[in-house]
Amino acid sequence: MSSESMIAAIYVFALAAFLGYQVISRVPPLLHTPLMSATNAISGISLVGSIVIAGGTGPHHSKVAMVLGFIAVVCSTTNVVGGFVITDRMLRMFKRKK
Amino acid sequence: MNLQIYFIEFSYLLASVLFILGLKGLSHPETAKRGMHLAEFGMMMAIIGTLMHFEIVSYTWIIVGLLVGSTLGLAMGVWVPMTAMPQRTALSHAFGAFAAALVGIAEYYSYTHGFKPLAELGHVKMGAMGFEIMLGSLTTTGSLIAFGKLQGIVPGKPLVYRGQNIFNMTLLAVTIGLFIYLIFVPTAVIPFYVMLTLAFLFGILLVLPIGSADMPVVMSLLNSYAGLASAATGFVLNNKVLIIAGTLDGFSGFILSILMCRAMNRSITNVLFGAFGSAAPVVGIEGQQGEMREVSLDDIAVQLAYANKVVFVPGYGLATAQAQHAVRELASVLERRGVTVKYGIHPVAGRMPGHMNVLLAEANVPYSQLYELEQINPEFPTTDVAMVIGANDVVNPDARDNPNSPIAGMPILEVDHAKSVVVLKRGQGKGFSGLENPLFFKPVTGMLYGDAKDTLTKLVGAVQHV
């Protein structure tokens, strides 16, 4: 990782942190459980990293890395699918009036 | 750059924007569903984009992994009951963190075993990787212990021994020491695996001493760590969408931790290292304790039936008794008689942030009846009956009145200001924190012992016959 791309990455991190603070502090306590499962599902995006490793990229790729990548794909996919399904299920229950 | 890379990067940018819009939707229950659909669409685009990656050699394991994960996720998503939401969430923190740790380990392995040019493994990259692996592994085991405690596999009581904090601190210091050493000497393979093992161990030891009542804070903190581990993965792989999503998750957990701590008037350090409720000597106000007044079901039924306003205050006991539907039924019967029904929700009631709201929503309680602490407290003086269901510390007046109490200063639901208080409790024992609750001894308070679901169901019948 070159120092330029590192600096760019830190910029992204700082801005995301700021934005995250702004957006998430507006979520009412009513929806804190769905918030947790939604952010969980969203951070399951690490799936994209796991996919590339499980697919064995590069001219030389290691079997060990591929196995680890495979387990990571399973874990992240479980989070993505489970997280979104459960968030949807919870949000459908919140009704204003009977 | 060829077209493919543009497409991948575009899918990531789109996903990032949609994730933020999705979370923004959560600021109101009406917009939340649409927000989540946006986020889901973003996720799908990012995954499709990634599958286009030109370096991928074989799709076999990817597809098998996606299928297995989707099946597990779907099964979990559809069948996990709302009462088990804290356990499920703890488990998903473990999964997320484990995935981050594995990606880090795989990368490190590839660099140190000649699959990737070692020269690329600089100090900066090693720093990000070490952070990812350390945080990922300790969150994995920590979340598994939290899961165990919530599921009842691991004892919920804090596990403490002498010198625990010193031992844990030393362990953490050694782990961080190894991490710093690795930044300077990335090729030190043995220190790497020692660090990995210690981080896994530290996660276990960090959560074991924390009592069940502090779970909302622990859950939020683990949420934060899992997110930050994902963000660190983004640094390692130089992937912006990963940094953004991980940071959003990390900060969400962080904000929730702060809110939960504030709702208990404690600091995060105190929660992590205080082993709350283990052996703290209880300093009560002398002479205040009298007799608890047990009341009969029929008396309460009459009181409820002729009340103008009833406020229900649920706690974790509501979840363990699965009494959310029963309370809703009682509320309906009362409403049909013209009684105004409201619910007062303390931020740390239950085992995770927002736990009670979800349970009550599941039982079809409209969210317009769910009130936060600041909204409901001014209403207690005009409340005829405040019914506490399986809650204890969040209604303990000692927090307000007794500066020597271990929970002094914690904001409480001031049910004791109501004209009458009914406490539904399993038995005469103390709450999770082991504190005596003066509320139970107040003249205004009546105790109804028994299983909450059972009692509430009987009350429904009794009110109908009034």
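Keep in mind that what you see is a predicted model, and the values were worked out from it rather than measured.

Caption draft 1: Region of interest: the overall build of chain A. For chain A, the count of helices and strands is 4 helices and 0 strands. Scanning chain A from its N terminus toward the C terminus, one meets helices and strands in the order α-α-α-α. Over its C-alpha trace chain A gives a radius of gyration of 18 Å, far above what one expects of a compact globule, namely 13 Å for 98 residues. Overall, the C-alpha framework of chain A stretches about 60 × 30 × 10 Å when taken along its three principal axes. Taken over 98 residues, chain A has a buried fraction of 67%. In chain A, the share of contacts with a sequence separation of at least 24, taken over all contacts with a separation of at least 6, comes to 65%. When the accessible surface of chain A is split by element, carbon and sulfur atoms take 69% of a total near 3600 Å².

Caption draft 2: View of the sheet that holds strand β5 (residues 420–425) of chain B. All names here are of chain B. What the 6 strands build is an open sheet, ordered β3-β2-β1-β4-β5-β6; its pairing is parallel. One side of each edge strand has no neighbouring strand; the edge strands of this open sheet are β3 (370–372) and β6 (445–449). Each adjacent strand pair in this sheet contributes to an overall mean axis angle of 25°, direction not counted. Of the pairings in the sheet, the one linking β5 to β6 comprises 5 bridges and is parallel in character. When the sheet's bridge partners are listed, K425 is paired in β6 with Y449.

Caption draft 3: Spatial organisation of the pattern of salt bridges. Residue and element names in this part refer to chain B. Following the criterion strictly, the structure yields 10 salt bridges over all chains and no others. One salt bridge connects E379 with K309, and the closest N-O pair in it is separated by 2.6 Å. Taken together, the positions of E379 in the loop between α15 (373–376) and β4 (385–389) and K309 in strand β1 (residues 309–314) put the pair 70 residues apart, joining distant regions of the chain. Here D416 makes a salt bridge to R400, at a shortest N to O gap of 2.5 Å. Of this pair, D416 sits in the loop between α16 (398–401) and β5 while R400 sits in helix α16, and the two are 16 residues apart along the sequence. Exposure remark for D416: the relative accessible area of 11% places this residue in the buried category. A relative accessible area of 32% places R400 in the partly exposed class. One salt-bridge network, held together by shared partners, links R400, D401, E414, D416 and K442.

Caption draft 4: Focus on a nonpolar patch on the surface. Residue and element names in this part refer to chain B. Together, F7, F41, M44, I48 and M52 line one region of the surface with nonpolar side chains, adding up to about 430 Å² of accessible area. The element best represented in the nonpolar patch is helix α2 (residues 29–51), accounting for 3 residues. Relative to the helices and strands, M44 resides in helix α2. Look at M44 and you get partly exposed, because its relative accessible area is 44%.

Caption draft 5: Molecular detail of the interface of chain A and chain B. With 85 residues of chain A in contact, the opposing surface of chain B contributes 106 residues. Of the roughly 8400 Å² buried between chain A and chain B, counting both surfaces, carbon and sulfur atoms make up 76%. In this structure, the connection of chain A to chain B is made through 0 salt bridges. At the junction of chain A with chain B, the criterion picks out 17 residue pairs in polar contact (both at pLDDT 80 or more). Listed by contribution, the elements that provide at least two residues to the side of chain A that touches chain B are α1 (3–24), α2 (32–43), α3 (47–54) and α4 (63–93) of chain A. Of the residues forming the side of chain A that touches chain B, the biggest block, 28 residues, is contributed by α4 of chain A. Classifying every residue of the side of chain A that touches chain B gives 50 nonpolar, 27 polar and 8 charged.

Caption draft 6: Quick peek at the confidence of the model for chain B. Residue and element names in this part refer to chain B. The predicted model of chain B averages 90 in pLDDT, with 95% of residues at 70 or higher. Segment residues 276–287: pLDDT under 50, and 17 contacts once partners within four positions in sequence are set aside and those in other chains are kept. Across the predicted assembly, pTM comes out at 0.91 and ipTM at 0.95.

Caption draft 7: Spotlight on the packing of aromatic side chains. Residues and elements named next belong to chain B. Following the criterion strictly, the structure yields 7 aromatic pairs over all chains and no others. An aromatic cluster of three or more residues is present, and its members are Y108, F192 and Y193. Cation over ring: R337 sits above Y306, and NZ or CZ is 5.4 Å from the ring centre. In this structure, R351 packs its charged tip against the face of Y316, placed 3.7 Å from the ring centre.

Caption draft 8: Seen up close, the nonpolar core. Residues and elements named next belong to chain B. In terms of nonpolar packing, the biggest core is built from 150 residues, with F19, L26, L304, F312, L330, Y343 and M387 touching the most fellow members. Beyond its immediate stretch of four places on either side in the chain, M387 contacts I300, L304, V311, F312, V313, L330, V422, L424, L456 and L459. Ranked by size, the runner-up nonpolar core spans 31 residues in total, among them V311, L435, L439 and F441.

Caption draft 9: Main features of the environment of S368 of chain B. Among the secondary structure elements, S368 of chain B is positioned in the loop between α14 (355–362) and β3. A relative accessible area of 32% means that S368 of chain B is categorised as partly exposed.

Caption draft 10: Geometry of the side chain of S252 of chain B. Its location among the elements puts S252 of chain B in helix α9 (residues 240–264). Beyond its immediate sequence surroundings of up to four residues, S252 of chain B is in contact with I24, L35 and T39 of chain A together with N223 of chain B.

Caption draft 11: Molecular detail of the environment of D214 of chain B. Along the polypeptide, D214 of chain B turns up in the loop between α7 (189–207) and α8 (215–237). On the basis of relative accessible area, D214 of chain B is assigned to the buried category, the value being 2%.

Caption draft 12: A look at helix α5 (residues 123–151) of chain B. Residue and element names in this part refer to chain B. In a regular helix each residue adds 1.5 Å, so 29 residues correspond to 42 Å; α5 covers 41 Å between its end C-alpha atoms and thus fits that length. α5 sits mainly inside the fold: 24 of its 29 residues count as buried. Within two residues after α5, G152 carries a phi angle of roughly 90°, on the positive side.

Caption draft 13: Spatial organisation of the packing of helix α1 (residues 3–25) of chain B against α2 of chain B. Residue and element names in this part refer to chain B. Relative orientation of the contacting elements α1 and α2 amounts to 165°, with a least axis distance of 7 Å. Relative to α2, α1 is oriented roughly antiparallel. Here α1 runs over α2; the crossing is left-handed. Considered class by class, the residues forming the contact of α1 with α2 number 16 nonpolar, 8 polar and no charged.

Cut-offs used in this document
- Residues numbered from 1 in each chain as written.
- Chains lettered and ligands numbered in written order.
- Predicted model: local features only at pLDDT ≥ 70, side-chain atom pairs only at ≥ 80, totals over all residues.
- Heavy atoms only, no water.
- Helix = DSSP H or I, 4+ residues; strand = E, 2+ residues; numbered from the N terminus.
- Rg over C-alpha atoms; globule rule 2.2 N^0.38 Å.
- Buried < 20%, exposed > 50% of the residue type's maximum accessible area, 1.4 Å probe, protein only.
- Contact = heavy atoms within 4.5 Å.
- Areas by Shrake-Rupley, 256 points an atom, 1.4 Å probe, with all protein chains shown as cover.
- Pairing = 2+ DSSP bridges.
- Axes fitted to C-alpha atoms, helices over the stretch in contact; angles between N-to-C directions.
- Salt bridge = Lys/Arg side-chain N within 4 Å of Asp/Glu carboxyl O.
- Patch = residues over 30% accessible without salt bridge, like charges linked within 9 Å, V, L, I, M, F, W, Y side chains within 5 Å.
- Buried area = accessible area lost by both parts, 1.4 Å probe.
- Polar contact = N/O pair within 3.5 Å; in protein donor to acceptor, adjacent residues only side chain to side chain.
- Nonpolar A, V, L, I, M, F, W, Y, C, P; charged D, E, K, R; others polar.
- pLDDT = per-residue confidence, 0-100.
- Phe/Tyr/Trp six-rings, centres within 6.5 Å; stacked < 30°, edge-to-face > 60°.
- Lys NZ or Arg CZ within 6 Å of the ring centre and 35° of its normal.
- Core = buried A, V, L, I, M, F, W, Y, C linked by side-chain atoms within 4.5 Å.
- Expected span 1.5 Å × (residues − 1).
- Parallel < 35°, antiparallel > 145°, perpendicular 65-115°, else oblique.
- Left-handed = near helix turned anticlockwise from the far one by under 90°.

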